[in-house]
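Examining the three-dimensional arrangement
Here is what each chain is made of, one letter per residue.
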Amino acid sequence: MNTTSNPAASTAPDVGESLTGDQVKELLRANEELKQLNARLSDAQDKLMQSEKLASIGQLAAGVAHEINNPIGFIFSNFGTLERYLDDLFQMLSAYEQAEPALAGTPVGAQLKALREKVELDFLKEDIPSLMNESKDGITRVRNIVQNLKDFSRVDTSQEWVSADLHHGISSTLNIVNNEIKYKADVVKEFGEIPDIECLPSELNQVFMNLLVNAAHSIQAERGLITIRTGTEGDTVWVDVEDNGGGIAKENLGRIFDPFFTTKAVGKGTGLGLSLSYGIVKKHFGQIDVFSEVGVGTRFRVSLPVQHPKED
């Protein structure tokens, strides 16, 4: 039986043949690329998970704020009504006091005098308005906290790019993280004249929160100083968050935006705050820079365009 040879089969490499040096290099290169791709995918997944957690926290905060806001609303309304009732009662009481001298020397007059001394009427007339004002101030503070929670989370609005005031976002965030800062540092706000910018306010609030909490954690003295400055440079708005804490070592400056890198003690930080902040700022077509000196302090600058670059 005649057989015909297959030219392709004759030129194909045998499976058992050894790999050449070039083939080994190509495999190693492909393997390295796969490792880098896997690392990027893992990084993206971690950021996505953290982003989802932050969104869940924001929804929870907004939900709690909404539930608290309803009873606070009718308590606040009732306080206004109670104040009017007290004014009427005090007017009636004043009329009784004016009629009291006419009852002097009578059993009813003696009874009224004894009751006045027993209840300390003069003290009550001074203290009741004071108690009402203090209570009203307390309810107003709770109402402001609730509003700050809603402004911070912003989940009650559509997550679309809007024109927003950064000063409002910074102030709301300061109120939210006040408990982290008030025992560690004084906060100085040096706000300049800046225009509203095109942004996702809730995401930028996360950036400000991370920078402010990090600034508070970096302060090693008994009490430090955190300064927030804002200004413009051309078509860009910038926000500085500066502290007089321990500073960042030079060998760590290049890594602070890396995911999971942290100089904090175990359990004090995840190493994702600055990484997420970097991603959010880049998403806004901006940049975040850090200037630090050990023993002197650290300054972060967030620069953001007023309007996004127009696509070609």
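Everything here concerns the structure above.
As the structure is a prediction and not an experimental result, all values here were calculated from the model.

1. Structural notes on the overall build of the chain
Broken down by element type, the chain carries 9 helices and 7 strands. Taking all 312 residues of the chain together, 29% fall into the buried category. With the model as given, the accessible surface of the chain reaches about 20,500 Å², and the carbon-plus-sulfur share is 55%.

2. Digging into the pairing of strand E6 (residues 287–293)
For a regular strand, side chains alternate in direction, first toward one face of the sheet and then toward the other. Where E6 and strand E7 (residues 297–305) come together, 7 bridges link them in antiparallel fashion. Directly across from valine 290, in E7, lies its bridge partner phenylalanine 300. In this antiparallel pair of consecutive strands, E6 and E7, the connection spans 3 residues, and glycine 295 shows a positive phi of 85°.

3. With respect to the pattern of salt bridges
Evaluated as defined, the whole model comprises 13 salt bridges. Salt-bridge contacts for lysine 136 lead to glutamate 83; the nearest nitrogen and oxygen are separated by 3.3 Å. Separated by 53 residues along the polypeptide, lysine 136 in helix H4 (residues 121–153) and glutamate 83 in helix H2 (residues 21–99) bring together distant segments of the chain. Residue classification places lysine 136 among the partly exposed residues on the basis of a relative accessible area of 28%. The closest approach of N and O atoms between glutamate 97 and lysine 125, which form a salt bridge, is 3.1 Å.

4. A few points about the packing of helix H7 (residues 201–218) against helix H9 (residues 273–283)
The contact between H7 and H9 brings their axes to 9 Å, and the two run at 145°. Regarding H7 and H9, the two cross each other, and that crossing is left-handed. Two secondary-structure elements touch here, H7 through Glu203, Leu204, Gln206, Val207, Asn210, Leu211 and Asn214 and H9 through Gly273, Leu274, Ser277, Ile280, Val281 and Lys283. Grouping the constituent residues of the contact of H7 with H9 by class yields 6 nonpolar, 5 polar and 2 charged.

5. Quick notes on a nonpolar patch on the surface
A cluster of nonpolar side chains, Leu19, Val24, Leu27 and Leu28, forms an exposed patch at the surface whose accessible area comes to about 380 Å². You can see leucine 28 is positioned in helix H2. Look at leucine 28 and you get exposed, because its relative accessible area is 55%.

6. Observations regarding the sheet that holds strand E5 (residues 236–243)
Taken together, 5 strands build an open sheet; the order of strands is E2-E4-E5-E7-E6 and the sheet is mixed. On the outer flanks of this sheet lie strand E2 (185–190) and E6, each paired with one strand and no other. Neighbouring strand axes in the sheet, compared pairwise and without regard to direction, differ in orientation by 15° on average. On the sheet, H7 packs against strand E4 (224–233), E5, E6 and E7 and is oriented at approximately 25° with respect to E5.

7. Points about the nonpolar core
Grouped together as the largest cluster of nonpolar side chains are 37 residues, with contacts concentrated most on Leu166 and Ile226. Those elements that provide at least two residues to this core are helix H5 (166–176), strand E3 (197–199), H7, E4, E5, H9, E6 and E7. Judged by nonpolar contacts, the second largest core, of 5 residues, contains Ile72, Phe79, Leu86 and Ile139.

8. Regarding the packing of H5 against H7
At a closest axis distance of 9 Å, the pairing of H5 and H7 adopts a crossing angle of 50°. Comparing their axes, H7 and H5 come out oblique. The handedness of the crossing between H5 and H7 comes out as right-handed. Each of Leu166, Gly169, Ile170, Thr173 and Leu174 in H5 lies in contact with H7, whose residues at this interface are Leu204, Asn205, Phe208, Met209 and Leu212. Grouping the amino acids of the contact of H5 with H7 by side-chain chemistry returns 7 nonpolar, 3 polar and no charged.

9. Observations regarding the environment of isoleucine 248
You can see isoleucine 248 is positioned in the loop between E5 and helix H8 (250–253). Placed 42 residues apart in sequence, isoleucine 248 and valine 290 show a C-alpha to C-alpha distance of 9.6 Å. Excluding residues that lie within four positions of it along the chain, isoleucine 248 makes contacts with Leu253, Ile256, Val290, Ser292, Val294 and Thr298.

10. Remarks on the packing of aromatic side chains
A complete count under the given rule lists 0 aromatic pairs for this structure. Over the face of the ring belonging to tryptophan 238 we find arginine 301, whose NZ or CZ atom lies 3.9 Å from the ring centre.

11. Some remarks on the side chain of aspartate 240
Its place among the elements puts aspartate 240 in strand E5. When its relative accessible area of 3% is taken as the criterion, aspartate 240 is described as buried. Of note is the side chain of aspartate 240, whose polar atom sits 3.2 Å from the side chain of arginine 299. The contacts of aspartate 240, once residues within four sequence positions are left out, are Thr227, Ile228, Arg229, Arg299, Phe300 and Arg301.

Cut-offs and rules
- Residues numbered from 1 in each chain as written.
- Predicted model: local features only at pLDDT ≥ 70, side-chain atom pairs only at ≥ 80, totals over all residues.
- Heavy atoms only, no water.
- Helix = DSSP H or I, 4+ residues; strand = E, 2+ residues; numbered from the N terminus.
- Buried < 20%, exposed > 50% of the residue type's maximum accessible area, 1.4 Å probe, protein only.
- Areas by Shrake-Rupley, 256 points an atom, 1.4 Å probe, with all protein chains shown as cover.
- Pairing = 2+ DSSP bridges.
- Salt bridge = Lys/Arg side-chain N within 4 Å of Asp/Glu carboxyl O.
- Axes fitted to C-alpha atoms, helices over the stretch in contact; angles between N-to-C directions.
- Left-handed = near helix turned anticlockwise from the far one by under 90°.
- Contact = heavy atoms within 4.5 Å.
- Nonpolar A, V, L, I, M, F, W, Y, C, P; charged D, E, K, R; others polar.
- Patch = residues over 30% accessible without salt bridge, like charges linked within 9 Å, V, L, I, M, F, W, Y side chains within 5 Å.
- Core = buried A, V, L, I, M, F, W, Y, C linked by side-chain atoms within 4.5 Å.
- Parallel < 35°, antiparallel > 145°, perpendicular 65-115°, else oblique.
- Phe/Tyr/Trp six-rings, centres within 6.5 Å; stacked < 30°, edge-to-face > 60°.
- Lys NZ or Arg CZ within 6 Å of the ring centre and 35° of its normal.
- Polar contact = N/O pair within 3.5 Å; in protein donor to acceptor, adjacent residues only side chain to side chain.

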